[in-house]
Amino acid sequence: MTKRLSPIFPIFEKQHSEAKAIFFHLIKQMKSKKSIELLGKVSFLELFSELMISVHMDEQIIKEDIFSPFRPLQKNLRKIYHHKLVEASLQEKIKETGKHYNRFSKQLDEYKKDLYNKTYDMIVGSTLEHWDEFHDVALEASRGLKPLMLNSGINQVMRQELEQFHLDQTGTLGTQKLKEIYQGIRRIIILENILIQIGFNSIFPSETHDEINELKDSLKVWYKAHLTLQSLTYFISHEPRPSAKYVNWLKDLTKVKKSLSLKAEGQAKSLFDKLLV
């Protein structure tokens, strides 16, 4: 007798179908908006694969990392997202100052062209079997899963994310830790949404959800400043005589990032006092 499908499978199948449709769209034409949309879908598939591994920890249904064929694509899609953030910062700076930053803009355009060409070649050269194999394994892994099994699996993955958030309350978090928190917060939001969609109550109260979203928003602004500072620093380091406008922008960005870091750190420490109980 065929085991009944879990209510989580339709959630997966919708994301998988939409991801595959965007993938086919990118085969026709590379677009930053579609690439960033695909990154979101692929990141969901990664989290889903981790959830299925957690649920079937003691079984042999999932024998290997089914997401591994998608990791190179995910890496490049994330680079496209990063580049888009830096481009947005440049446009904001041009609008704010009325100045042009042609040499920096040219470097960004050259990097973009190379990145998009490599990503397009990766997409066109990949096999569609990976999408079907992922779907088949997810289908099999979703059979016979009872709600409490899913609840336990989601809570296990959630705990793994939260364990990375243990902070030194007396010191600064640093760039790497803030990046990890930004990624972890977004994964926690996805897990909470899955939990609600399959019929369970949210783990955290609405007030905590508000704080989670506020921290996510703060970290997104911080991350944008960080990436722009990183890209501008690289540009200036290769300029024999960097223009004063670039040097001044670098100084301003350094101050902005520091201010945003302090704000995000304060929010993170306050939030994690409540989450890590």
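That block above? That's the structure.
What counts and how
Residues numbered from 1 in each chain as written. Predicted model: local features only at pLDDT ≥ 70, side-chain atom pairs only at ≥ 80, totals over all residues. Heavy atoms only, no water. Helix = DSSP H or I, 4+ residues; strand = E, 2+ residues; numbered from the N terminus. Buried < 20%, exposed > 50% of the residue type's maximum accessible area, 1.4 Å probe, protein only. Contact = heavy atoms within 4.5 Å. Areas by Shrake-Rupley, 256 points an atom, 1.4 Å probe, with all protein chains shown as cover. Patch = residues over 30% accessible without salt bridge, like charges linked within 9 Å, V, L, I, M, F, W, Y side chains within 5 Å. Salt bridge = Lys/Arg side-chain N within 4 Å of Asp/Glu carboxyl O. Lys, Arg positive; Asp, Glu negative; His and termini not counted. Charge placed at Lys NZ, Arg CZ, Asp CG, Glu CD. Axes fitted to C-alpha atoms, helices over the stretch in contact; angles between N-to-C directions. Parallel < 35°, antiparallel > 145°, perpendicular 65-115°, else oblique. Nonpolar A, V, L, I, M, F, W, Y, C, P; charged D, E, K, R; others polar.

S.K.: I tried to follow the overall build of the protein chain on my own but got confused; where do I start?
M.R.: Along its length, the protein chain carries nine helices and zero strands. Each helix and strand of the protein chain, ordered N terminal to C terminal, gives the series α-α-α-α-α-α-α-α-α. The principal-axis extents of the C-alpha atoms in the protein chain amount to approximately 75 × 50 × 25 Å. A burial count over the protein chain gives 42% of its 277 residues as buried. A separation threshold of at least 6 residues defines the contact pool for the protein chain, and within that pool the share at least 24 residues apart is 81%. When the accessible surface of the protein chain is summed, it comes to about 15,200 Å², and 52% of that surface belongs to carbon and sulfur atoms.

S.K.: Which parts of the structure should I look at to understand a negative patch on the surface?
M.R.: Together, Glu207, Asp210, Glu214 and Asp217 make up a negatively charged patch on the protein surface. Within the secondary structure, Glu207 sits in helix 8 (residues 206–237).

S.K.: Please explain the packing of helix 3 (residues 71–97) against helix 8 as it appears in this structure.
M.R.: Axes are the key here: two packed helices are described by the angle between their axes and the distance separating the axes. Two elements in contact, helix 3 and helix 8, have axes whose closest approach is 9 Å; the angle formed by their N-to-C orientations is 85°. By the criterion of interaxial angle, the relationship of helix 3 to helix 8 is roughly perpendicular. Together, Tyr81, His82, Leu85, Val86, Ala88, Ser89 and Glu92 of helix 3 and Lys220, Tyr223, Lys224, Leu227, Thr228 and Ser231 of helix 8 make up the contact between the two elements. Partitioning the contact of helix 3 with helix 8 into residue classes produces six nonpolar, four polar and three charged.

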